[in-house]
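Each chain is listed here by its residues.
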Amino acid sequence: MENILLVTASKKSADMLLNLIRADGWQPARILIAASCNEARRLLIENHVDLILINTPLSDEFGHDFAVHACQNTLSGVLMLVKSDLADSVSQRVEQEGVFVITKPISRSAFYQSLHLVNSSRMRVYALQKENRKLRERMEDMRVINRAKCLLIAEKHLSEDDAHSYIEKQAMNYRQTKRDIAEEIIRSFT
């Protein structure tokens, strides 16, 4: 984990959580601490964080609305610490959004296991986002290439296969991508 945001109402609980995080051997680049959800929202706007650890309840709200907000607006892993008698009801409200809920008091081993699960989940989300970005780029490339092929068919009276071959040959000859060649074709006809 690179950056962690601790959201907890008391200095004592912040120190305890910091000790737990560091005792596992994790050395985050930065640990930000917020005493309220409003302060945490502000920190999220100003900073990228990989893990958000919310020790409920907080001074301005319980914390579940902030947890949902964080999951919907960031790619951070979100972990809530909740008293055991409230854990089931809080879980029902937030787990659909991707918030992990663990009960207090928490054992050291359960805490570490939860941190690792959240981190694994976050890494999977990052991988899916990266794959999604690649697919979007490929779709955009195909759209531009198809537009250039349509222009070649309409203006140069080439067949679709010939237009495709022309773009591929130009890309090889000029050592450019097919999209670059397609964009040049589009510019030349518009």
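Anyway, here's the lowdown on the structure attached to this text. (Residues numbered from 1 in each chain as written. Predicted model: local features only at pLDDT ≥ 70, side-chain atom pairs only at ≥ 80, totals over all residues. Heavy atoms only, no water.)

As a further point, take the pairing of strand β3 (residues 51-55). Counting buried residues along β3, 5 of its 5 residues qualify, which places the element largely inside the surrounding structure. Side chains of β3 alternate between two faces, with L51, L53 and N55 and I52 and I54 buried alike. Across 5 bridges, the pairing between strand β1 (residues 3-8) and β3 is parallel. Paired with I4 across the strands is L51, a residue of β3. Looking at chain direction, β3 and strand β4 (residues 77-83) are connected through 5 bridges and run parallel. Counterpart to N55 in the pairing with β4 is L81. Since β3 and β4 lie parallel, the crossover through helix α3 (residues 64-73) that links them has a hand, and here it is right-handed. (Buried < 20%, exposed > 50% of the residue type's maximum accessible area, 1.4 Å probe, protein only. Helix = DSSP H or I, 4+ residues; strand = E, 2+ residues; numbered from the N terminus. Pairing = 2+ DSSP bridges. Right-handed = clockwise from strand over helix to strand, strands pointing away.)

At a minimum axis separation of 10 Å, helix α1 (residues 11-23) and helix α5 (residues 108-156) run at an interaxial angle of 70°. Comparing the axis directions of α1 and α5 gives the class roughly perpendicular. Facing L17, L20, I21 and A23 of α1, the residues of α5 in contact are R108, F111, Y112 and L115. Along the lines of polarity and charge, the residues of the contact of α1 with α5 split into 7 nonpolar, no polar and 1 charged. (Axes fitted to C-alpha atoms, helices over the stretch in contact; angles between N-to-C directions. Parallel < 35°, antiparallel > 145°, perpendicular 65-115°, else oblique. Contact = heavy atoms within 4.5 Å. Nonpolar A, V, L, I, M, F, W, Y, C, P; charged D, E, K, R; others polar.)

Pairing in this open sheet of 5 strands is parallel, and the strands run β2-β1-β3-β4-β5 from one edge to the other. Looking at which strands have only one partner, the edges of the open sheet turn out to be β2 (30-34) and β5 (99-104). Recorded for the sheet is a direction-independent mean angle of 20° between the axes of neighbouring strands. Each of β1, β2, β3 and β4 is contacted by α1, which is oriented at about 150° to β1, the strand it contacts most. Together, β4 and β5 form the strand contacts of helix α4 (residues 87-94), whose direction differs from that of β5 by roughly 175°.

With an omega of -10°, the peptide bond running from T56 to P57 counts as cis. Positionally, P57 belongs in the loop between β3 and α3. Here the amide bond leading from K104 into P105 is cis, since omega sits at -5°, within 30 degrees of zero. Looking at where P105 falls in the secondary structure, it is placed in the loop between β5 and α5. Despite not being glycine, H157 shows a phi value in the positive range, around 60°. In this fold, H157 is placed in the loop between α5 and α6 (160-174). Backbone geometry places R175, a non-glycine residue, at a positive phi of 50°. Here R175 shows up in the loop between α6 and α7 (178-189).

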